[in-house]
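# Structure assessment
So you can see what is in the structure, the chains are spelled out below.
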Amino acid sequence: MTTAEAGPTPQVGAARSRKEDARLITGRTMWTENITLPGMLHLAILRSPMAHARITHLDVGPALEAPGVIAAFSGRDVADVQGSMPCAWPVTEDTVVPDYPPLAVDEVRHTGEPVAVVAARDRASAMDALEAIEVDYEPLPVVLGMEEALAENAPLVHGDQGTNKCYTWTFDSVQAGTGGDVAAAEADAEVVVKRRYTQQRLIPAFMEPRSVVVDPTGDQITMWSATQIPHILRLMLAMVTGIPEHKVRVVAPDVGGGFGGKLQVTPEEFIAFVAAQRTGRPVKYTESRSDTMMSGHHGRDQIQDVTLSARRDGTVTGLSIRLLANMGAYLGIVTPGVPILGAFMYNAIYKFPAYRFECTGVFTNTTKTDAYRGAGRPEATFAIERAMDELAAELDMDPIELRRRNWIKHEEFPFTTVATLTYDSGNYEAATDRAMELFGYDALRREQAERRRSGDRVQLGIGVSTYTEMCGLAPSRVLGSLRYGAGGWENASVRVLPTGKVEVITGTSPHGQSHETAWSQIAADQLGVAFEDVEVLHGDTRTSPKGLDTYGSRSLAVGGAALVHACERVVEKARPIAAHLLECDPADLEFTDGAFRVRGTPEAAKTIADCSLAVFTSHDLPEGVEPSLDSDATYDPANFSFPHGTHLCATEVDTETGRVRIRSYVAVDDVGRVVNPTIVEGQLHGGIAQGIAQALYEEASYDNDGNLLTGSFVDYLVPGAPDLPHMVTDRTETPAPDHPLGAKGVGEAGTIASTPAVVNAIVDALRPYGVTDVPMPCMPERVWRAIRDAREGAPEGSERS
Amino acid sequence: MSRISLKVDGVRYDDDVDPRTLLVHHLREHLGKVGTVVGCDTTNCGACTVLMGGKSVKSCTVLAAQADGQEIETVEGLAGKDGSLHPVQQAFHDSHALQCGYCTPGMIMAAVDLLAENPEPTDDEVREGLEGNLCRCTGYQNIVRAVQDAAAVMRAEVPAPRDAGTEPMEGTRGTTSPAAEEVAR
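Residues numbered from 1 in each chain as written. Chains lettered and ligands numbered in written order. Predicted model: local features only at pLDDT ≥ 70, side-chain atom pairs only at ≥ 80, totals over all residues.

A few words on the overall build of chain A. Looking only at helices and strands, one finds 21 helices and 28 strands in chain A. Taken over the C-alpha trace, chain A has a radius of gyration of 28 Å; the compact-globule value for 801 residues is 28 Å, and the two agree within 12%. Taking the principal axes of its C-alpha atoms as reference, chain A extends roughly 90 × 75 × 50 Å. Each of the 801 residues in chain A was classed as buried or not, and the buried ones make up 61%. Within chain A, residue pairs in contact and separated by at least 24 positions form 80% of the contacts whose partners lie at least 6 positions apart. (Helix = DSSP H or I, 4+ residues; strand = E, 2+ residues; numbered from the N terminus. Rg over C-alpha atoms; globule rule 2.2 N^0.38 Å. Buried ≥ 20, exposed ≤ 12 C-beta atoms within 10 Å, placed from the backbone. Contact = placed C-beta atoms within 7 Å.)

Structure (structure tokens):
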């Protein structure tokens, strides 16, 4: 900034504390569950206790006799109006998209699937009445494992489809013209690392259980929902139910976390929608935590076969990935596409000359999977970063040195990868150097060697993860080429009020990401108004008519750019008015430091507020100038955003008990230019925590009958404060060349990076014992077993000096 | 129905409640105290934490009838009548100790109780003390920092900070972290 004495303090880059907090720390929040409307009914949903069964008898009649019950119905009762839940991303032409009724009609295919609903005067009456519903099930054979589901004569999840295969999607660098043949690379390789990794099933576990309220009494039917995607939800309600789109309003009020788990159009939303229409009264449904865990979508659940070819000097020559991806019993809004988002990321930051990826989606009698923080990219990053550490061990090379030999150098950007993406910018050297410095890499390596030498019961391991990711979803034409059903643009508009205060309307839909603060900072700088004078409106299709919502680390990368452009249009609309007020030629004006100034005489200035007042009165506007400063902009990015970073983790592993303690964790991330460093740091902390949780604690598991064994927080271990380490975070800043603020996405980075850093550290600690892998989550028992198995039958060559 | 009398955030309420009604549902559905929220059904997450007789309880694990005659304090009653924030609320704001904010009412009340019991906790003691409260957004790091900052203010060692405003909060520019020496330690 020059001539800073005249202008306001720049807001972008400042660690502003959050506007959102005022209501959140005092309990004055509008969660969906807090909403009460006159005459509102409460819904309770009966869920299937069977993983796969035919419904042979279902009678809601007895429930209707229960006190306080106004209505009750089953899937059969509404079969002709309830529609089928939408999947917006059939990734191939022949992707199997089964019918997905919100309330099961004839058959249930996973435990927790809704089968009937009761509407009553209060929650307790509705829940009591569920017990009166008569339902008989005829059990059908259950298939849970992916390989089992693909075997011949496997029980079919959807009998009418004749297969449990949802799709097979392939990418080959030969066909794409971006590289060579992986089979040839493998044949010529001096070293080949073949590994199988399992991405366990995870539960997003946002803290606010999902809730939905529907008011059918107005001209527009209004739905409040704890969702990440109010705009997409409105469109889907219209497309599926046939209600005209303009007759539906969707509101996402305060939403308590999502992490992809609320990037969904849910059966419960549709059931509530139908219930409100049938009863003509407002209805509310709030799920219990167990309901969430049983029937809200899960994440991950993939089996990854990795073949990495290399020369003995460490140069990688080929990468082949074969993936099985568990869809669950049905397809959610983007279920098939999640593993495909990973397809472009396995090659990571490295210059692979040959790459092949093949993914088969599989139906099983489990809850559907869908987006969970990172969605495809954490899985890819895990596999490649684990495999690179394995290659380093194979070559007896330092894992960072191996990465340096293969990564894209700073001066090589922009760089088009073997997977066809063009990485915009990056500086892997700077981030890695800084991380090593903060971590004390060499000293820790020396301590590790000492502990190995002395045969210390507690071994030290160092895990490396150098990641990049594609985020800022997304260029619309790329989404189109991947057969996604929508675009990836984002919209913002700016209303300048007569007093010069500003309303920013964004199509993004925050649920913890602090858009109200960050967008205020951006608008303040762009328009020369005070941070406090900006109000950010979002999450209501009535005030924010256009948007594609929040997921895929897209809000700032796409929505922030739209906001900058909308502000620029406000300035351009104000320019002739300011020139008129200053009695000069518009061409002689520059907009600097928050005001229009005549070049050469900066003391004569008019602000946006001056112009907005002139517009309000409109008494004296230049001829032909429209009396409005309000503007909007829709931004479709030309490319993804590619943040990157280096995460280093040191673990102490007790070789007798298998207990893992994270001794230190250093993350140096490069998310481009930063609007608010406090918010960015918070995103990284939380992201890293979720990645560590996958590495050490969390796993959704089923018994052989398909009952979820981890149906509550008693059994599904979301880490608490004592379970997580203090994290050291720092940043390097390599601006995004295509973004007006130079910003990249940040929401998923920590999660993508951290899981392999932790597991690499655990395996590194145990390499002297011949351990080459520990399945996630690396609970003490699994670590202990890995050590025992390696000791009892160490595979040839795995023992290192 | 049982007749109960509660004082909640300084206001007395006399009600007839179903014996099975949980305190949290009584607060939310009968008294309109929706600042206290429900996050699970197994007493694990702590989102519903309130103070009962000055001690933190998970209000999903107390029957309304059990609370008869008790004084209850929720996050809504924590700020002063003039709107001045409690030091723990202020510290949560200043330290960015919340993102989505759903766990925050319970987390703040648990922290208030923690500091009443232990006015000078170590970081590990803060973590252990908040073990019963889950947060999915923050990774707890800024929560620990907030509780320590609030503790210092409540011990009157440092003056209550004002809103950080445009001033970068300490340690948030560039290197947000303790230096390498601390890591090595």
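From this point, the discussion proceeds with the structure in view.
This part is about the domain arrangement of chain B. Residue and element names in this part refer to chain B. Along its sequence, chain B is carved into domain 1 (2–77) and domain 2 (87–161). Here domain 1 and domain 2 have C-alpha centroids that lie 22 Å from each other. Mapped onto the side of domain 1 that touches domain 2, the elements with two or more residues apiece are β3 (49–52) and β4 (55–58). With three residues, β3 is the single largest residue contributor to the side of domain 1 that touches domain 2. Across the side of domain 1 that touches domain 2, the residue classes tally to seven nonpolar, seven polar and one charged. (Domains from an automatic or database assignment. Nonpolar A, V, L, I, M, F, W, Y, C, P; charged D, E, K, R; others polar.)

We now examine helix α8 (residues 267–279) of chain A. Residue and element names in this part refer to chain A. For α8, which comprises 13 residues, the first-to-last C-alpha distance of 18 Å matches the rise-based estimate of 18 Å (1.5 Å per residue) to within 8%. Across the 13 residues of α8, ten count as buried, placing the element largely inside the fold. The complete set of buried residues in α8 reads P267, E268, E269, F270, I271, A272, F273, V274, A275 and A276. Taken from the residues just after α8, G280 is the one with a positive phi, measuring 70°. (Expected span 1.5 Å × (residues − 1).)

Let us now look at the interface of chain A and chain B. Residue-level contacts link 58 residues of chain A with 58 residues of chain B. Residue assignment for the side of chain A that touches chain B shows that the elements contributing at least two residues are α1 (21–24), α9 (289–295), α13 (428–439), β27 (660–670), α19 (677–696) and β28 (727–731) of chain A. In terms of residue class, the side of chain A that touches chain B is built from 25 nonpolar, 22 polar and eleven charged.

An α-helix turns once every 3.6 residues. As a result, residues three or four positions apart point the same way. Under the 1.5 Å per step criterion, the end-to-end length of helix α14 (residues 441–454) of chain A is 20 Å for 14 residues, consistent within 8% with the ideal 20 Å. Just downstream of α14(A) lies A:G455, where phi reads positive at about 65°.

A few words now on the environment of B:N133. Residue position: B:N133 is located in the loop between α4 (123–129) and α5 (141–154). Leave out the neighbours within four places in its chain, and B:N133 touches B:G46, B:T49, B:C103, B:G106, B:M107 and B:A110.

With that settled, consider the environment of A:Y355. Residue and element names in this part refer to chain A. Tracing the sequence through the fold places Y355 in strand β15 (residues 355–363). Taking the C-alpha atoms as reference points, Y355 and D106, 249 residues apart in sequence, are found 44 Å from one another. With residues near it in sequence (within four places) discarded, Y355 still touches S173, G179, V182, L319, N347, V418 and A419.

Here the focus is unusual backbone geometry. Residue and element names in this part refer to chain A. The linkage connecting L473 with the following residue, A474, adopts the cis geometry, with an omega of -5°. Mapped onto the elements, A474 comes out in the loop between β18 (458–468) and α15 (476–481). Of note, the amide linkage connecting M776 to P777 takes the cis form, showing an omega dihedral of -10°. Secondary-structure assignment places P777 in the loop between α20 (749–766) and α21 (780–793).

Residue and element names in this part refer to chain A. On the basis of which strands lie adjacent, the open sheet formed by four strands has the order β21-β20-β19-β25 and mixed pairing. Looking at the sheet topology across the chains shown, the edges are occupied by β21 (534–537) and β25 (631–635). The sheet shows a mean angle of 15° between the axes of neighbouring strands, direction not considered. Two elements, strand β19 (residues 490–496) and β25, share five bridges in a ladder whose sense is antiparallel. When the bridges of β25 are listed, V494 appears paired with S631. Against the sheet, helix α16 (residues 515–527) makes contact with β19, β20 (502–506) and β21, and its axis sits at roughly 130° relative to β21, the strand it touches most. Set on the sheet, helix α17 (residues 555–582) makes contact with β19, β20 and β25; between it and β25 the angle comes to about 145°. (Pairing = 2+ DSSP bridges. Axes fitted to C-alpha atoms, helices over the stretch in contact; angles between N-to-C directions.)

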